[in-house]
Amino acid sequence: MAATELQAKITIAKIIQLAYDTNGDETIRIIHSGDYYSISVDQSGEVRLAGNAGAMSFNGGPALEGLGFKLRRLSVNFSSGDGGRFNYTGTFNFVMGSQLSVSGSIDIIELIKSCSGLLCIAARFLDGRDAQIERELQQYVD
């Protein structure tokens with residue numbers, strides 16, 4: 001089964017949360033360093049978040065689960081939008097040759113505030129919580 005547009009948008013939100021869980025201070029600094037920043041993910045799941053303030057890398061495997069196909073590459077570009085939101089355009093390239101492009105906006109600060117820290121990390125490991133966490137993420141992506 002191929003990834004849907006909603007699954008792709010939720011994956012982008014999961015990657016942002018994972019970046020914050022990995023290094024919150026660096027993530028916030030990159031996001032707020034200018035009007036643009038980007039996320040790229042390679043075939044091994046290595047994520048690179050880059051902006052005017054620098055870059056950070058981390059393993060994004062947990063955020064990539066549930067897409068339906070193995071990812072070859074993901075590229076997401078963000079630009080400032082209205083009311084503290086960031087507009088984004090993302091392209092998912094899958095190993096089987098299919099591609100999915102999505103665009104929308106996301107309130108990254110509200111996303112990070114909604115699920116960060118030790119409680120959020122613990123919630124991800126509880127059985128039956130994945131669907132609830134994905135439903136909560138849906139409210140932050142367009």
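The shown structure was predicted, so the numbers you read here are calculated from the model rather than taken from an experiment.

Asks: Give a detailed account of the overall build of the protein, specifying residues and quantitative values.
Replies: Per the secondary structure count, the protein includes five helices and six strands. Sequence-ordered secondary structure for the protein, helices as α and strands as β, is α-β-β-β-α-β-β-β-α-α-α. Within the protein, the proportion of its 142 residues that are buried is 39%. Looking at the protein alone, contacts between residues at least 24 apart form 57% of all its contacts between residues at least 6 apart. A total of about 7300 Å² of accessible surface is found on the protein, and carbon and sulfur atoms cover 49% of it.

Asks: Go over the sheet that holds strand β4 (residues 71–80), please, and point to the residues and values.
Replies: The pairing of strands in a sheet happens through backbone hydrogen bonds and is either parallel or antiparallel. Overall, antiparallel pairing links the six strands, which are arranged β3-β2-β1-β4-β5-β6 in an open sheet. Edge positions in the sheet fall to β3 (54–59) and β6 (99–106), since each of these pairs with one other strand and no more. For this sheet, the mean angle separating the axes of adjacent strands, direction not counted, is 15°. As paired strands, strand β1 (residues 36–41) and β4 are joined by six bridges and run antiparallel to one another. Pairing of S38 across the sheet is with N77, part of β4. Seen against the sheet, helix α1 (residues 5–31) touches β1, β2 (46–51), β3, β4, β5 (86–94) and β6 and runs at an angle of roughly 120° to β3.

Asks: Account for empty space enclosed by the protein, with residues named and values stated.
Replies: Evaluated as defined, the whole model comprises one cavity of 30 Å³ or more. A volume near 40 Å³ is recorded for the largest cavity. Along its surface, the largest cavity is lined by I15, I16, A19, T27, I31, Y37, I39, L49 and I108. Elements supplying a minimum of two residues to the lining of the largest cavity: α1 and β1. Per-element accounting of the lining of the largest cavity gives the leading share, five residues, to α1. Of the residues contributing to the lining of the largest cavity, the split by class is eight nonpolar, one polar and no charged.

Asks: Describe the pattern of salt bridges, listing the residues and the values that go with them.
Replies: Taken as a whole, this structure holds two salt bridges when the rule is applied. Close ionic contact of K9 with E5 constitutes a salt bridge, the shortest N to O distance being 3.3 Å. Here E5 and K9 lie together in helix α1, a separation of four residues that amounts to about one turn. For K9, a relative accessible area of 9% puts it in the buried group. Between E26 and R29 there is a salt bridge, with its nearest N and O atoms 2.2 Å apart. Of this pair, E26 and R29 are both found in helix α1, three residues apart, which corresponds to roughly one turn of the helix. A relative accessible area of 14% means that E26 is categorised as buried.

Asks: Lay out the side chain of S105 with the relevant residues and their values.
Replies: Among the secondary structure elements, S105 is positioned in strand β6. A residue is classified by how much of its surface remains accessible, and S105, at 10% relative accessible area, is buried. Among the polar contacts made by the side chain of S105, one reaches the side chain of R85 at a distance of 3.1 Å.

Rules used throughout
- Residues numbered from 1 in each chain as written.
- Predicted model: local features only at pLDDT ≥ 70, side-chain atom pairs only at ≥ 80, totals over all residues.
- Heavy atoms only, no water.
- Helix = DSSP H or I, 4+ residues; strand = E, 2+ residues; numbered from the N terminus.
- Buried < 20%, exposed > 50% of the residue type's maximum accessible area, 1.4 Å probe, protein only.
- Contact = heavy atoms within 4.5 Å.
- Areas by Shrake-Rupley, 256 points an atom, 1.4 Å probe, with all protein chains shown as cover.
- Pairing = 2+ DSSP bridges.
- Axes fitted to C-alpha atoms, helices over the stretch in contact; angles between N-to-C directions.
- 1 Å grid on protein atoms, 1.4 Å probe; cavity = no way out; pocket = protein on both sides within 12 Å on 5 of 7 lines; lining within 4 Å.
- Points joined across faces, edges and corners; volume = space filled by probe spheres on them.
- Nonpolar A, V, L, I, M, F, W, Y, C, P; charged D, E, K, R; others polar.
- Salt bridge = Lys/Arg side-chain N within 4 Å of Asp/Glu carboxyl O.
- Polar contact = N/O pair within 3.5 Å; in protein donor to acceptor, adjacent residues only side chain to side chain.

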